[in-house]
Amino acid sequence: MLTINVLKTLLYSIRNQFNLIESIAKNIHILSDDDIKLMMGNALQTINGLLSLYGEHKTVLSENYNLMLVIENDNLIISTPLLPHRIICYLAHIELMQQHDPETYARYKSLMQQLGLMPQP
């Protein structure tokens, strides 16, 4: 069952994964390609899982928790009255995944398009 605390944990988890990707991108010069692929792939798979969960239960999450995901100025904005503030996830560093894990990146793009957060090709 999805409780308020579980939902909050999932929302903060998605923010943490975006923060991890940003940190990796800023330190890319000191990491091996294998480390980059492993860490970014894991973070993006977690993001994909949470986006899938949102997509499957969007109506319930929107109606019961007033949860909204929108894109503004290259940021994913997550908001709900359950949180003391909006969660802002910077999207630009995700593009690095195209070269390190194209399959996981393609899944991410597809999910974002299905949710209406990115335009369809």
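This report concerns the structure included in the present document. (Residues numbered from 1 in each chain as written. Predicted model: local features only at pLDDT ≥ 70, side-chain atom pairs only at ≥ 80, totals over all residues. Heavy atoms only, no water.)

### Overview of the overall build of the protein chain
For clarity, the threshold we go by: For helices the rule is a DSSP run of H or I covering at least 4 residues; for strands it is a run of E covering at least 2, with both sets numbered from the N terminus onward. Atoms counted for the radius of gyration: C-alpha only. Globule rule: 2.2 Å times the number of residues to the power 0.38. For each residue, the accessible area found with a 1.4 Å probe, counting protein chains only, is set against the maximum for its type, and the residue is called buried under 20%, exposed over 50%, and partly exposed in between. Any two residues having at least one pair of non-hydrogen atoms within 4.5 Å are treated as being in contact. We count Lys and Arg on the positive side and Asp and Glu on the negative side, and we leave His and both chain ends out. Charged side chains are reduced to one point each, which is NZ for Lys, CZ for Arg, CG for Asp and CD for Glu.
Scanning the protein chain from terminus to terminus reveals five helices and three strands. In terms of overall dimensions, the protein chain is globule-like: its C-alpha atoms have a radius of gyration of 14 Å, near the 14 Å expected for 121 residues. Expressed along its principal axes, the backbone C-alpha trace of the protein chain runs to roughly 45 × 30 × 30 Å. Burial statistics for the protein chain: of 121 residues in total, 39% are counted as buried. Put simply, 54% of the contacts in the protein chain that link residues at least 6 apart link residues at least 24 apart. With 8 positive and 11 negative side-chain charges, the protein chain shows a spacing of 8 Å between the two charge centroids.

### So, the nonpolar core
Basically, it comes down to this: By convention a nonpolar core is built from buried Ala, Val, Leu, Ile, Met, Phe, Trp, Tyr and Cys residues, the set being connected through side-chain atoms within 4.5 Å.
Among the nonpolar cores identified, the biggest contains 33 residues, and Ile-47, Leu-51, Ile-78 and Tyr-108 are the most heavily contacted of them. Secondary-structure elements contributing two or more residues to this core are helix 1 (4-26), helix 2 (33-56), helix 3 (58-65), strand 2 (75-79), strand 3 (87-90) and helix 5 (102-114). A per-element tally of this core places helix 2 first, with eight residues. Every residue in contact with Ile-78, bar those within four places of it in the chain, is listed here: Leu-11, Ile-14, Leu-67, Met-68, Leu-69, Arg-86, Ile-87 and Cys-89.

### Quick word on the side chain of Asn-48
Rules: Any pair of N or O atoms that falls within 3.5 Å is considered a polar contact. Within protein, one atom must be able to donate a hydrogen and the other to accept it, and sequence-neighbouring residues count only if both atoms are side-chain atoms.
With respect to the element layout, Asn-48 can be found in helix 2. Looking at Asn-48, the relative accessible area reads 6%, which means it is buried. Of the polar contacts made by the side chain of Asn-48, one reaches the backbone oxygen of Thr-104; its length is 3.3 Å. Apart from residues no more than four positions distant in its own chain, Asn-48 is found in contact with Thr-104, Arg-107, Tyr-108 and Leu-111.

### What about the packing of helix 1 against helix 2?
Helices that pack against each other are described as a pair by the angle of their axes relative to one another and the distance between those axes. In plain terms, the rule: Only the stretch in contact is used when fitting a helix axis, every axis being a line fitted to C-alpha atoms; angles between N-to-C directions are given from 0 to 180 degrees. Oblique is the label for any angle not under 35 degrees, not over 145, and not in the 65 to 115 range, which are roughly parallel, roughly antiparallel and roughly perpendicular in turn. Helix crossings are classified by the rotation of the near helix relative to the far one: an anticlockwise turn of less than a right angle makes the crossing left-handed, while a clockwise turn makes it right-handed.
Where helix 1 contacts helix 2, the two axes come as close as 9 Å, and the packing angle between them is 150 degrees. With respect to helix 2, the element helix 1 is oriented roughly antiparallel. For the crossing formed where helix 1 meets helix 2, the hand is left-handed. Across the interface between the two elements, Leu-10, Ser-13, Ile-14, Gln-17, Phe-18, Leu-20, Ile-21 and Ile-24 of helix 1 pack against Ile-36, Met-39, Met-40, Ala-43, Leu-44, Thr-46, Ile-47, Leu-50, Leu-51 and Leu-53 of helix 2.

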